[in-house]
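Now for the letters of each chain:
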Amino acid sequence: MPAYIISDVTIRDQEAFQTYRSRAAASIAHYGGRYLVRGGQVETLEGEWHPTPLIVVEFPDIEQARRWYASAEYAAALDVRDAALSRHLILADGMAP
């Protein structure tokens, strides 16, 4: 079953963000993940949530997503995360097709 990392990001420093983004993208690909949403326009239809940008990454399963999050490859991106951005990040289990 697929699993999803969903992140609501506030960019703090554009240059650091670009470094974080490229490192995170490489680590995501290494663990079989793929971006479904990577920024772009967000329209709130109900409620008070106004994320921008919003990122959704799909992994083959929840264990692979957890391996990515705890990986040395992703740790390289985390080295610049706090300078680059603040965020809310969740892991959600998907549904079988």
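As shown above, the structure is provided for reference.
Residues numbered from 1 in each chain as written. Predicted model: local features only at pLDDT ≥ 70, side-chain atom pairs only at ≥ 80, totals over all residues. Heavy atoms only, no water.

**Student:** Looking at this structure, I do not really get the environment of Glu63. What am I missing?
**Tutor:** By secondary structure assignment, the location of Glu63 is in helix H2 (residues 62-69). Glu63 sits in the partly exposed class, given a relative accessible area of 39%. As a C-alpha pair, Glu63 and Pro2 span 61 residues in sequence and 9.7 Å in three-dimensional space. (Helix = DSSP H or I, 4+ residues; strand = E, 2+ residues; numbered from the N terminus. Buried < 20%, exposed > 50% of the residue type's maximum accessible area, 1.4 Å probe, protein only.)

**Student:** Looking at this structure, I do not really get the packing of aromatic side chains. What am I missing?
**Tutor:** This model, assessed by the stated rule, comprises 5 aromatic pairs. On the numbers, 6.1 Å between centres and 55 degrees between planes, the contact of Trp68 with Tyr69 is tilted. Ring centres of Tyr69 and Tyr74 lie 5.9 Å apart, and the angle between their planes is 35 degrees; this geometry places the pair in the tilted category. Since its relative accessible area comes to 40%, Tyr69 is described here as partly exposed. Tyr74 gets classed as buried once you look at its relative accessible area, which sits at 0%. Every member of this aromatic cluster is reached through a ring pair, and the members are Tyr20, Phe59, Trp68, Tyr69 and Tyr74. The ring of Tyr35 has Arg38 lying over it, and the distance from NZ or CZ to the ring centre is 4.2 Å. (Phe/Tyr/Trp six-rings, centres within 6.5 Å; stacked < 30°, edge-to-face > 60°. Lys NZ or Arg CZ within 6 Å of the ring centre and 35° of its normal.)

Such coordinate-based values are descriptive only and should not be taken to indicate function.
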